[in-house]
Amino acid sequence: MIIAIACIVAIAVIAFILGVRPTDIPEPEPVSPFQHQDERKTAIYENLRDLQFEYRLGKLSDDDYQATKKDLQKELARVLAEVDRIKNAAGGPPPAPSKVVTPPTGLVCPACGAKFEVALKFCGECGKPMRMAQ
């Protein structure tokens, strides 16, 4: 009896999955040609920031820091050139993002006064604990 019910349920699930029509599937949102490049640009800027932080902590030698920084700057230049090429091919600036983004309130380091847009536990400049900006 249990085997028969399990078989019926399995057949019903398979029929439901195979019965999905293409019209029932929503259309994907159009992909902006700038979105991928913006994500790459953001990642490179974050890598540069992390590289500088690790260099200041003494984790990297001067030669390693300069070589890695130069490589990241070259990659950033390629990304920015690609954005310009796409912008010129499209005939104008990239379309405005469809989502409304509220700017963060920001954080300020109580020790050195450095301001950051992302929430950090410790200052990226001096390494002291952070607090919310007033």
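Residues numbered from 1 in each chain as written. Predicted model: local features only at pLDDT ≥ 70, side-chain atom pairs only at ≥ 80, totals over all residues. Heavy atoms only, no water.

**Q** Is there a simple way to think about the confidence of the model for the protein chain in this case?
**A** Fine structural detail should not be taken from predicted coordinates in areas where pLDDT scores are low. The pLDDT averaged across the protein chain works out to 81; a share of 84% of its residues lies at or above 70. Mean pLDDT across the elements of the protein chain ranges from a minimum in strand S3 (residues 131-132), with 58, to a maximum in helix H1 (residues 2-18), with 92. (pLDDT = per-residue confidence, 0-100. Helix = DSSP H or I, 4+ residues; strand = E, 2+ residues; numbered from the N terminus.)

**Q** Looking at this structure, I do not really get the nonpolar core. What am I missing?
**A** Buried together is how nonpolar side chains tend to be arranged in soluble globular proteins. Ile44, Leu48, Leu51, Tyr65, Leu72, Leu76 and Val79 form the largest nonpolar core, which has seven residues in total. When residues of this core are traced back to their parent elements, those giving at least two are helix H2 (33-56) and helix H3 (62-90). Tallying contributions element by element places H3 first for this core, with four residues. Apart from residues lying up to four places away in sequence, Val79 is in contact with Gln37, Arg40, Lys41 and Ile44. If you look at the next biggest cluster of nonpolar residues, it comprises five residues, including Cys109, Phe116, Cys123 and Met130. (Core = buried A, V, L, I, M, F, W, Y, C linked by side-chain atoms within 4.5 Å. Buried < 20%, exposed > 50% of the residue type's maximum accessible area, 1.4 Å probe, protein only. Contact = heavy atoms within 4.5 Å.)

**Q** For this particular structure, what's the right way to read the pattern of salt bridges?
**A** Pairing is possible between side chains of opposite charge, provided their charged atoms come close. Enumeration over the complete set of coordinates arrives at three salt bridges. Of the charged contacts in the structure, one is a salt bridge between Asp38 and Lys41, with a shortest N-O distance of 3.9 Å. Taken as a pair, Asp38 and Lys41 lie in helix H2 at a separation of three residues, close to a single helical turn. The partly exposed category is assigned to Asp38, whose relative accessible area is 36%. The shortest N-O distance in the salt bridge between Asp50 and Arg49 comes to 3.7 Å. Its relative accessible area of 36% is what places Asp50 among the partly exposed residues. (Salt bridge = Lys/Arg side-chain N within 4 Å of Asp/Glu carboxyl O.)

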